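Structural features, examined
Now for the letters of each chain:
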Amino acid sequence: DVKVTQSSRYLVKRTGEKVFLECVQDMDHENMFWYRQDPGLGLRLIYFSYDVKMKEKGDIPEGYSVSREKKERFSLILESASTNQTSMYLCASSFRAGRAWTTEAFFGQGTRLTVV
Amino acid sequence: DQQVKQNSPSLSVQEGRISILNCDYTNSMFDYFLWYKKYPAEGPTFLISISSIKDKNEDGRFTVFLNKSAKHLSLHIVPSQPGDSAVYFCAAIIHGSSNTGKLIFGQGTTLQVKP
(Lines give C-alpha, C1' and ligand atoms only; values in the text may rest on other atoms or scores of the structure.)
Protein backbone atom coordinates (compact mmCIF):
# COMPACT_ATOMS: atom_id res chain seq x y z
CA ASP A 1 0.00 0.00 0.00
CA VAL A 2 1.33 3.40 -1.03
CA LYS A 3 2.37 5.52 1.89
CA VAL A 4 3.58 9.04 2.54
CA THR A 5 3.87 9.80 6.23
CA GLN A 6 4.25 13.20 7.81
CA SER A 7 5.64 13.24 11.33
CA SER A 8 2.95 15.40 12.93
CA ARG A 9 -0.73 16.12 12.26
CA TYR A 10 -0.83 19.26 14.42
CA LEU A 11 1.98 21.48 15.61
CA VAL A 12 2.04 24.71 17.63
CA LYS A 13 5.28 26.69 17.68
CA ARG A 14 6.39 30.09 18.91
CA THR A 15 7.56 32.93 16.72
CA GLY A 16 11.30 32.71 16.09
CA GLU A 17 11.56 28.97 16.74
CA LYS A 18 13.28 26.68 14.25
CA VAL A 19 10.73 24.13 13.05
CA PHE A 20 11.32 20.79 11.35
CA LEU A 21 8.61 19.03 9.36
CA GLU A 22 9.49 15.47 8.37
CA CYS A 23 8.14 13.38 5.53
CA VAL A 24 8.86 9.75 4.68
CA GLN A 25 7.73 7.74 1.65
CA ASP A 26 8.02 4.02 1.06
CA MET A 27 7.49 3.88 -2.72
CA ASP A 28 11.08 4.41 -3.94
CA HIS A 29 9.99 7.70 -5.54
CA GLU A 30 12.65 10.06 -6.85
CA ASN A 31 10.53 13.20 -6.50
CA MET A 32 9.39 14.70 -3.25
CA PHE A 33 7.50 17.94 -2.75
CA TRP A 34 6.50 20.34 -0.01
CA TYR A 35 3.38 22.42 -0.54
CA ARG A 36 1.41 24.71 1.67
CA GLN A 37 -2.33 25.12 1.40
CA ASP A 38 -4.02 28.40 2.28
CA PRO A 39 -7.65 29.41 1.63
CA GLY A 40 -8.09 30.88 -1.84
CA LEU A 41 -4.47 30.24 -2.79
CA GLY A 42 -4.56 26.53 -3.48
CA LEU A 43 -1.49 24.34 -3.19
CA ARG A 44 1.66 26.41 -3.53
CA LEU A 45 4.96 24.66 -4.06
CA ILE A 46 7.62 25.58 -1.51
CA TYR A 47 10.45 23.23 -2.52
CA PHE A 48 10.89 20.23 -4.74
CA SER A 49 13.56 17.52 -4.68
CA TYR A 50 14.16 15.22 -7.66
CA ASP A 51 16.97 13.15 -6.14
CA VAL A 52 19.01 12.75 -2.99
CA LYS A 53 20.70 16.05 -2.08
CA MET A 54 19.04 17.74 -5.09
CA LYS A 55 16.51 20.49 -4.63
CA GLU A 56 14.73 23.13 -6.57
CA LYS A 57 12.91 26.22 -5.31
CA GLY A 58 9.20 26.37 -5.81
CA ASP A 59 6.98 29.41 -5.92
CA ILE A 60 7.35 30.49 -2.28
CA PRO A 61 10.73 29.34 -0.86
CA GLU A 62 11.40 32.42 1.28
CA GLY A 63 11.74 31.58 4.96
CA TYR A 64 12.10 27.85 4.26
CA SER A 65 14.88 25.40 3.57
CA VAL A 66 14.87 21.65 2.87
CA SER A 67 17.05 18.61 3.36
CA ARG A 68 17.09 15.34 1.40
CA GLU A 69 19.90 13.12 2.73
CA LYS A 70 18.11 9.85 1.97
CA LYS A 71 15.80 8.97 -0.89
CA GLU A 72 12.84 8.20 1.34
CA ARG A 73 13.01 11.28 3.57
CA PHE A 74 12.41 14.95 2.82
CA SER A 75 12.51 17.56 5.55
CA LEU A 76 11.12 21.08 5.50
CA ILE A 77 12.79 23.58 7.82
CA LEU A 78 11.37 26.87 8.96
CA GLU A 79 14.51 28.74 9.97
CA SER A 80 12.71 31.26 12.20
CA ALA A 81 8.98 30.65 12.35
CA SER A 82 6.68 33.61 11.80
CA THR A 83 2.92 33.96 12.16
CA ASN A 84 2.46 34.20 8.37
CA GLN A 85 3.79 30.65 8.14
CA THR A 86 0.72 29.36 9.94
CA SER A 87 -0.73 26.98 7.36
CA MET A 88 -1.45 23.40 6.30
CA TYR A 89 1.76 21.80 5.02
CA LEU A 90 1.51 18.88 2.61
CA CYS A 91 4.26 16.53 1.54
CA ALA A 92 3.99 14.48 -1.66
CA SER A 93 6.11 12.09 -3.68
CA SER A 94 6.12 10.73 -7.24
CA PHE A 95 8.24 8.92 -9.77
CA ARG A 96 10.52 11.13 -11.81
CA ALA A 97 9.01 11.94 -15.22
CA GLY A 98 10.55 9.56 -17.74
CA ARG A 99 10.79 6.62 -15.33
CA ALA A 100 7.04 6.12 -15.30
CA TRP A 101 4.35 7.61 -17.47
CA THR A 102 1.87 7.96 -14.66
CA THR A 103 3.60 10.48 -12.46
CA GLU A 104 0.73 11.07 -10.13
CA ALA A 105 1.87 12.32 -6.76
CA PHE A 106 0.82 10.72 -3.52
CA PHE A 107 0.22 12.96 -0.54
CA GLY A 108 0.70 12.67 3.17
CA GLN A 109 -2.10 13.53 5.57
CA GLY A 110 -0.83 17.06 6.14
CA THR A 111 0.56 18.99 9.11
CA ARG A 112 -1.49 21.87 10.48
CA LEU A 113 1.14 24.28 11.81
CA THR A 114 0.17 27.21 14.00
CA VAL A 115 2.80 29.82 14.86
CA VAL A 116 1.91 31.96 17.87
CA ASP B 1 2.72 33.85 -12.43
CA GLN B 2 -0.06 31.30 -12.03
CA GLN B 3 0.45 28.64 -14.71
CA VAL B 4 -2.62 26.63 -13.71
CA LYS B 5 -5.78 28.55 -12.90
CA GLN B 6 -9.11 27.56 -11.46
CA ASN B 7 -11.16 30.73 -11.69
CA SER B 8 -14.23 29.49 -9.83
CA PRO B 9 -13.56 29.29 -6.09
CA SER B 10 -16.80 27.44 -5.41
CA LEU B 11 -19.61 25.51 -7.06
CA SER B 12 -22.92 24.29 -5.66
CA VAL B 13 -25.05 21.65 -7.41
CA GLN B 14 -28.04 19.49 -6.56
CA GLU B 15 -27.58 15.79 -5.92
CA GLY B 16 -28.05 13.79 -9.13
CA ARG B 17 -27.14 16.68 -11.41
CA ILE B 18 -23.89 17.25 -13.30
CA SER B 19 -20.94 19.08 -11.72
CA ILE B 20 -18.51 20.78 -14.10
CA LEU B 21 -15.21 22.05 -12.75
CA ASN B 22 -12.97 24.10 -14.99
CA CYS B 23 -9.24 24.68 -15.25
CA ASP B 24 -7.08 26.80 -17.56
CA TYR B 25 -3.33 26.65 -18.10
CA THR B 26 -0.78 28.89 -19.76
CA ASN B 27 2.26 26.66 -20.36
CA SER B 28 1.95 24.81 -23.68
CA MET B 29 4.70 22.40 -22.55
CA PHE B 30 2.37 20.72 -20.05
CA ASP B 31 1.59 17.28 -21.41
CA TYR B 32 -0.22 15.55 -18.58
CA PHE B 33 -3.04 16.81 -16.40
CA LEU B 34 -4.47 15.50 -13.17
CA TRP B 35 -7.40 16.15 -10.87
CA TYR B 36 -7.16 15.72 -7.14
CA LYS B 37 -9.86 15.72 -4.49
CA LYS B 38 -9.29 16.96 -0.96
CA TYR B 39 -11.38 16.64 2.18
CA PRO B 40 -10.69 18.92 5.17
CA ALA B 41 -7.77 17.80 7.39
CA GLU B 42 -6.65 15.18 4.84
CA GLY B 43 -4.10 15.12 2.06
CA PRO B 44 -5.31 15.35 -1.56
CA THR B 45 -6.08 12.08 -3.31
CA PHE B 46 -5.66 11.40 -7.00
CA LEU B 47 -8.92 11.24 -8.95
CA ILE B 48 -8.33 11.08 -12.69
CA SER B 49 -5.78 12.16 -15.27
CA ILE B 50 -5.41 12.79 -18.99
CA SER B 51 -2.54 12.85 -21.40
CA SER B 52 -2.25 15.72 -23.86
CA ILE B 53 -2.56 13.28 -26.74
CA LYS B 54 -6.15 12.59 -25.72
CA ASP B 55 -9.17 14.81 -25.46
CA LYS B 56 -11.25 12.72 -23.09
CA ASN B 57 -10.74 10.22 -20.30
CA GLU B 58 -13.54 8.55 -18.40
CA ASP B 59 -13.58 6.65 -15.11
CA GLY B 60 -17.01 5.77 -13.77
CA ARG B 61 -18.86 8.96 -12.86
CA PHE B 62 -15.81 11.12 -13.61
CA THR B 63 -14.81 12.38 -17.06
CA VAL B 64 -12.03 14.79 -17.87
CA PHE B 65 -12.06 16.75 -21.14
CA LEU B 66 -9.03 18.48 -22.60
CA ASN B 67 -9.10 21.27 -25.19
CA LYS B 68 -5.46 21.88 -26.06
CA SER B 69 -6.10 24.75 -28.46
CA ALA B 70 -7.92 26.63 -25.71
CA LYS B 71 -5.53 25.41 -22.98
CA HIS B 72 -8.57 24.36 -21.01
CA LEU B 73 -9.67 21.24 -19.20
CA SER B 74 -12.78 20.33 -17.30
CA LEU B 75 -13.90 17.65 -14.89
CA HIS B 76 -17.47 16.36 -15.19
CA ILE B 77 -19.10 14.43 -12.36
CA VAL B 78 -22.33 12.67 -13.27
CA PRO B 79 -24.41 12.08 -11.25
CA SER B 80 -23.15 14.23 -8.40
CA GLN B 81 -23.42 12.77 -4.90
CA PRO B 82 -23.20 14.46 -1.47
CA GLY B 83 -19.98 12.53 -0.80
CA ASP B 84 -18.40 14.38 -3.72
CA SER B 85 -18.43 17.59 -1.67
CA ALA B 86 -14.75 18.51 -1.35
CA VAL B 87 -12.09 20.80 -2.78
CA TYR B 88 -10.98 19.81 -6.28
CA PHE B 89 -7.52 20.72 -7.54
CA CYS B 90 -6.36 20.71 -11.12
CA ALA B 91 -2.65 19.97 -11.67
CA ALA B 92 -0.26 19.85 -14.63
CA ILE B 93 3.11 18.33 -15.36
CA ILE B 94 5.78 18.20 -18.09
CA HIS B 95 7.03 14.72 -18.96
CA GLY B 96 10.19 13.62 -20.70
CA SER B 97 13.44 12.17 -19.38
CA SER B 98 14.97 15.60 -19.28
CA ASN B 99 12.21 16.84 -17.04
CA THR B 100 11.97 15.98 -13.40
CA GLY B 101 8.21 16.00 -13.13
CA LYS B 102 7.42 19.08 -11.06
CA LEU B 103 3.69 19.14 -10.37
CA ILE B 104 1.94 22.52 -10.53
CA PHE B 105 -1.48 23.00 -8.93
CA GLY B 106 -4.34 25.41 -9.38
CA GLN B 107 -6.11 27.30 -6.59
CA GLY B 108 -8.85 24.73 -6.14
CA THR B 109 -12.65 24.77 -6.44
CA THR B 110 -14.86 23.90 -3.50
CA LEU B 111 -17.75 21.71 -4.65
CA GLN B 112 -20.87 21.42 -2.54
CA VAL B 113 -23.44 18.81 -3.55
CA LYS B 114 -26.78 19.41 -1.86
CA PRO B 115 -29.07 16.46 -1.04
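Presented here is a report on the structure given in the accompanying data block. (Residues numbered from 1 in each chain as written. Chains lettered and ligands numbered in written order. Predicted model: local features only at pLDDT ≥ 70, side-chain atom pairs only at ≥ 80, totals over all residues. Heavy atoms only, no water.)

1. Re the overall build of chain A
If you tally the helices and strands in chain A, you get zero helices and eleven strands. Seen in sequence order, chain A has helices and strands lined up from the N terminus as β-β-β-β-β-β-β-β-β-β-β. Burial status across chain A gives 51% buried among its 116 residues. Taking contacts inside chain A between residues at least 6 apart in sequence as the whole, the part at least 24 apart equals 57%. When the accessible surface of chain A is summed, it comes to about 5,500 Å², and 50% of that surface belongs to carbon and sulfur atoms. (Helix = DSSP H or I, 4+ residues; strand = E, 2+ residues; numbered from the N terminus. Buried < 20%, exposed > 50% of the residue type's maximum accessible area, 1.4 Å probe, protein only. Contact = heavy atoms within 4.5 Å. Areas by Shrake-Rupley, 256 points an atom, 1.4 Å probe, with all protein chains shown as cover.)

2. Focus on the overall build of chain B
Each helix and strand counted, chain B has zero helices and eleven strands in total. Shown N-terminal to C-terminal, the secondary structure of chain B runs as helices and strands in the order β-β-β-β-β-β-β-β-β-β-β. In terms of overall dimensions, chain B has C-alpha extents of about 45 × 30 × 20 Å along its principal axes. Within chain B, the proportion of its 115 residues that are buried is 47%. When contacts within chain B are restricted to residue pairs at least 6 apart in sequence, long-range pairs at least 24 apart make up 55% of them. Summing over all exposed atoms, chain B offers an accessible surface of approximately 5,300 Å²; the carbon and sulfur share of this is 48%. Averaging the locations of the 11 positively and 9 negatively charged side chains of chain B gives two centres separated by 3 Å. (Lys, Arg positive; Asp, Glu negative; His and termini not counted. Charge placed at Lys NZ, Arg CZ, Asp CG, Glu CD.)

3. Some thoughts on the packing of aromatic side chains
Each aromatic ring pair is specified by the distance between its two centres and by the angle formed by the two planes. Residues and elements named next belong to chain B. Summed over all chains, the structure comprises 14 aromatic pairs over all chains. Summarising the aromatic geometry, the rings of Tyr 25 and Phe 33 are spaced 4.6 Å apart at their centres and angled 40 degrees between planes, so their arrangement reads as tilted. Here Tyr 25 matches Phe 33 in class, with each residue buried. (Phe/Tyr/Trp six-rings, centres within 6.5 Å; stacked < 30°, edge-to-face > 60°.)

4. Some points on the sheet that holds strand 3 (residues 19–25) of chain A
All names here are of chain A. Reading across the sheet, the four strands line up as 1-3-8-7 and stay open at both edges, with antiparallel pairing between neighbours. The open sheet has two edge strands with one neighbour each: strand 1 (4–6) and strand 7 (64–70). Strand-to-strand twist in this sheet, taken as the mean axis angle between neighbours without regard to direction, amounts to 20 degrees. In this sheet, strand 8 (residues 73–78) lies alongside strand 3 in antiparallel orientation, the contact comprising six bridges. (Pairing = 2+ DSSP bridges. Axes fitted to C-alpha atoms, helices over the stretch in contact; angles between N-to-C directions.)

5. Side note on unusual backbone geometry
All names here are of chain B. The omega torsion of the bond from Val 78 to Pro 79 falls at -10 degrees, within 30 degrees of zero and hence cis. On the secondary structure map, Pro 79 appears in the loop between strand 8 (72–77) and strand 9 (86–93). The phi torsion at Ala 41 lies on the positive side, around 65 degrees, for a residue other than glycine. Along the chain, the position of Ala 41 falls in the loop between strand 4 (32–38) and strand 5 (45–51). The residue Lys 71 is not glycine, and still its phi comes out positive at about 50 degrees. Mapped onto the fold, Lys 71 is located in the loop between strand 7 (62–67) and strand 8.

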